[in-house]
Each structure stands twice: as C-alpha cells, then as structure tokens.
Amino acid sequence: MRCYGAGIMAVFLFFLCLSGISAESPESSSAVQLTKKELGFAVRGEYNRTFASGGDFALFGALELNERYTFKAGFALGNIDNDAEIKAFSSGHISPFSKVPLCFNFSYMYYSLPEPIYDYHAHSLLPYLSLDGHWAGLAVGYNFRFITFFDEPPMYEPALAFLGYVNFLHNEKLRVGLSCANFSEFYMGNMGAYSFKLSSDIHVTGRWTILFELELLQSGGDGLTSTFYGIAYRGGVRFAW
C-alpha cells in the first residue's frame, strides 16, 4: 500500500488550504489574488472486457490565482477485479494571454494496483499545450510514464497525449459536449487506449454544479480500426466560491 497514506495526506492538505485561504479584495495592493476555489466529489463506475466491473470514489479541488494560474489535485480510491485501485493527480495551468485561450499545462498522475496480486505502480509526467475555447478546443502533449511490477526495474513507456472537444450547448446554466482523448485528470493511456466521452455540467446555482460523464472506452487504432473495450459512467458535484 505504498503512497496510500501519502496520497490521502497530500489531498487533505490541499483541501485544508482551500478552506483556509480567503480571496483578496479588489482594492488589495497584493500582487497575488485568489480569484476562485473549488471542491468536488464524484463516483465512477466502469465495465470493461478485461476486469469486468469496477468503480471508485474521487475527491478533487482547485485554486485559481489572478484568473491566470490554476492548480488542481485529486485522489480516487476504488476497486477493479476485486482488488484495490488507487489514483491521484496534481496539475498546474498557466493562461498567459488575455485574448487567446492558449494554456501551458503540466500534470503528474499516479496509478496503482497494490499488492498482493499485481503490485503495479505507474507515474506519469505530462507537459502539454491546450487551446481551451468556449465551443471547441484541443490539447497535445507528451507523456513520460514509468511503471513497475513487483520488484522489477522500472520500465519507461512514453506516449503522445491528445484531446479534442466540441461543446454543443454552453451557457450559464448548462454545458453539453463531446470529446475524444487518451488522457484525463486521473488517467493516462497510450495511442491505442482512448475514449469518446459525452459530458455535461448542470449549474444548479452560481456555486453548485452537477457533473455527468458517459464514456465509451476504445482499444486499438492500427489500420484505422478500433475495438470496443468498455463503458464508464461518472457523476458528481462541484462547489465553487
């Protein structure tokens, strides 16, 4: 259960910072202002052709500084094939231009199927560029992933990371979109492990948002062919202030 307690403690400290920091007033002379805070909870269920059913519970949060710098972190604990599954991430995003939605991003993702059966651990470092438009966007980067099985030496598995999305509806009350990607906040795949996702954000109030995702998992891609691998559902809530 390596990194289990450390992951919980890291996310706990992050959430503690979220609750303890107050935003600066517009009249403040401070150069750094906390412009947004978020906390969220989600439940995910998945059925795939390898492990049958599985699922997890996730906690996540975000801090935004000066409407330009965003820091996120999250921790998920679940089961797959009747064994524990641990996922965690932290990321930073910089939007240097006020009129162009170009962002520089860096993410770290941890994934583990701990002992006694698999003892699998994966560490992914992902720098990427993204265009986060209101109606459409894309992201391209390169994943540096290191994995270990039991006491074997670490293996290096690099992979191209890609994401594209289109929003069919996007207003103050509702966002509905479709995306294709081989990575997410909690997961990093390879060129042959990607998904199509239908997602929506329902803004119940100015602070509370209901999250919904329906994901079609794919396997393969050689010769312009693809194979159905599984299906996943994710639902949750997000509170922003």
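Each chain has its residues counted from 1, running along the sequence as written. Only residues with pLDDT of 70 or above have their local features reported here, since the model is predicted, and side-chain atom pairs are shown and tallied only from 80 upward, although totals for entire chains, interfaces and linings are computed over all residues. Excluding hydrogens and water, the side-chain values take into account all heavy atoms of the structure.

*Asks:* Could you clarify how one ought to interpret the overall build of the protein in this entry?
*Replies:* Comment: elements are numbered from the N terminus, with helices defined as DSSP H or I runs of at least four residues and strands as E runs of at least two. The helix and strand inventory of the protein stands at one helix and twelve strands. Ordered by position from N to C terminus, the α and β elements of the protein give α-β-β-β-β-β-β-β-β-β-β-β-β. Within the protein, buried positions represent 39% of all 241 residues. Contacts are residue-level and defined by heavy atoms, with any inter-residue pair within 4.5 Å sufficient. Here the analysis covers contacts within the protein between residues at least 6 apart in sequence; of these, 45% occur between residues at least 24 apart. Surface accessibility follows the Shrake-Rupley procedure with a 1.4 Å probe radius. Residue values consider only the protein chains on display as shielding. If you sum the accessible surface of the protein, you get close to 13,500 Å²; carbon and sulfur atoms cover 66% of it. Exposed residues in this analysis have more than 50% of their type's maximum accessible area, buried residues have under 20%, and partly exposed residues fall in between, with area computed by a 1.4 Å probe over protein chains only.

*Asks:* I keep staring at the pairing of strand β12 (residues 227-240) and nothing clicks. Help me out?
*Replies:* Looking along a regular strand, one sees the side chains alternate between the two faces of the sheet. Two elements, strand β1 (residues 34-48) and β12, share eleven bridges in a ladder whose sense is antiparallel. Looking at β12, one finds that Gly40 is bridged to Arg238. Examined bridge by bridge, strand β11 (residues 208-219) and β12 share twelve bridges and lie antiparallel to one another. When the sheet's bridge partners are listed, Glu213 is paired in β12 with Arg234. Should DSSP find at least two bridges between two strands, the strands are regarded as paired.

*Asks:* Explain the pattern of salt bridges here, please?
*Replies:* Side-chain pairs of opposite charge can arise whenever the charged atoms involved come near each other. Salt bridge criterion: a side-chain nitrogen from Lys or Arg within 4 Å of a carboxyl oxygen from Asp or Glu. One pass over the structure, following the stated rule, counts ten salt bridges. When the shortest N-O distance is used, the salt bridge between Asp56 and Lys87 registers 2.7 Å. Here Asp56, found in strand β2 (residues 52-65), pairs with Lys87, found in strand β4 (residues 83-94); they are 31 residues apart in sequence, far enough to count as distant. Pair check on accessibility: Asp56 and Lys87 agree, each one buried. Each of the salt bridges in this network shares a partner with another, and the network as a whole consists of Lys36, Glu38 and Arg238.

*Asks:* Which parts of the structure should I look at to understand the packing of aromatic side chains?
*Replies:* Note on aromatic pairs: each is described by the distance of the centres and the angle between the planes. Stacked, tilted and edge-to-face are the three classes applied to pairs of Phe, Tyr and Trp rings, where Trp contributes its six-membered ring and a pair requires centres within 6.5 Å; stacked means planes under 30 degrees apart, edge-to-face means over 60, and tilted covers the rest. One pass over the full model with this rule turns up 13 aromatic pairs. Ring geometry for Phe89 and Phe186: centres 4.9 Å apart, planes at 85°, overall edge-to-face. Pair noted here: Phe89 is in strand β4 and Phe186 is in the loop between β9 (174-181) and β10 (193-203), with a separation of 97 residues, a long-range link. On the accessibility criterion, Phe89 (5% relative accessible area) is buried. Given the relative accessible area of 10%, Phe186 is considered buried. A network of ring pairs unites the aromatic residues Tyr111, Tyr120 and Phe149 as a single cluster.

*Asks:* Which parts of the structure should I look at to understand the environment of Pro116?
*Replies:* Turning to its location among the elements, Pro116 is positioned in the loop between β5 (102-113) and β6 (120-132). With relative accessibility at 67%, the residue Pro116 sits in the exposed group. Taking the C-alpha atoms as reference points, Pro116 and Phe150, 34 residues apart in sequence, are found 9.1 Å from one another.

*Asks:* Before we go on, may I ask you to explain the sheet that holds strand β3 (residues 69-80) in this structure?
*Replies:* What links the strands of a sheet is backbone hydrogen bonding, and the strands pair in either a parallel or an antiparallel sense. Strands sit in the order β1-β2-β3-β4-β5-β6-β7-β8-β9-β10-β11-β12 around a closed barrel of twelve strands; the barrel is antiparallel. The average angle at which neighbouring strand axes cross in this sheet is 20°, direction not considered. A fitted line through C-alpha atoms serves as each axis, taken over the contacting stretch for helices, and the angle formed by two N-to-C directions is quoted from 0 to 180°.

*Asks:* Hey, could you run me through the pairing of β11 in this one?
*Replies:* Across eleven bridges, β10 lies against β11 in antiparallel orientation. Bridged to Lys197 within β11 is Glu215.

*Asks:* I would appreciate a short explanation of the nonpolar core in the present structure.
*Replies:* Note that soluble globular proteins tend to have their nonpolar side chains buried in a common cluster. Definition used in this section: a nonpolar core is a set of buried Ala, Val, Leu, Ile, Met, Phe, Trp, Tyr and Cys residues joined via side-chain atoms within 4.5 Å. With 14 residues, the main nonpolar core has Leu126, Phe183 and Met188 as its most contacted residues. With residues near it in sequence (within four places) discarded, Leu126 still touches Asn105, Phe106, Ser107, Met109, Gly141, Tyr142, Asn143, Ala161, Phe183 and Met188. In terms of nonpolar packing, the next biggest core, distinct from the first, is built from six residues, Ile80, Leu113, Ala122 and Ile147 among them.

*Asks:* Where do I start with the confidence of the model for the protein in this structure?
*Replies:* Caution is warranted with low-pLDDT regions, since their predicted coordinates should not be read in detail. Of all residues in the protein, 85% have pLDDT values of 70 or greater, and the mean over the chain is 87. Ranking the helices and strands of the protein by mean pLDDT puts β9 first, with 97, and helix α1 (residues 4-20) last, with 49. pLDDT under 50 marks residues 1-9. Its contacts with residues more than four places away, or in other chains, come to eleven contacts. Predicted confidence for residues 22-29 stays below pLDDT 50, and this span has ten contacts to residues more than four positions away or in other chains. pLDDT is a per-residue confidence score from the predictor, ranging from 0 to 100.

*Asks:* Explain the side chain of Lys197 to me, please; I cannot follow it from the model alone.
*Replies:* Tracing the backbone shows Lys197 in strand β10. Those residues within four positions of Lys197 in sequence are excluded, and the remaining contacts are Gly177, Leu178, Ser179, Ser184, Glu213, Leu214 and Glu215.

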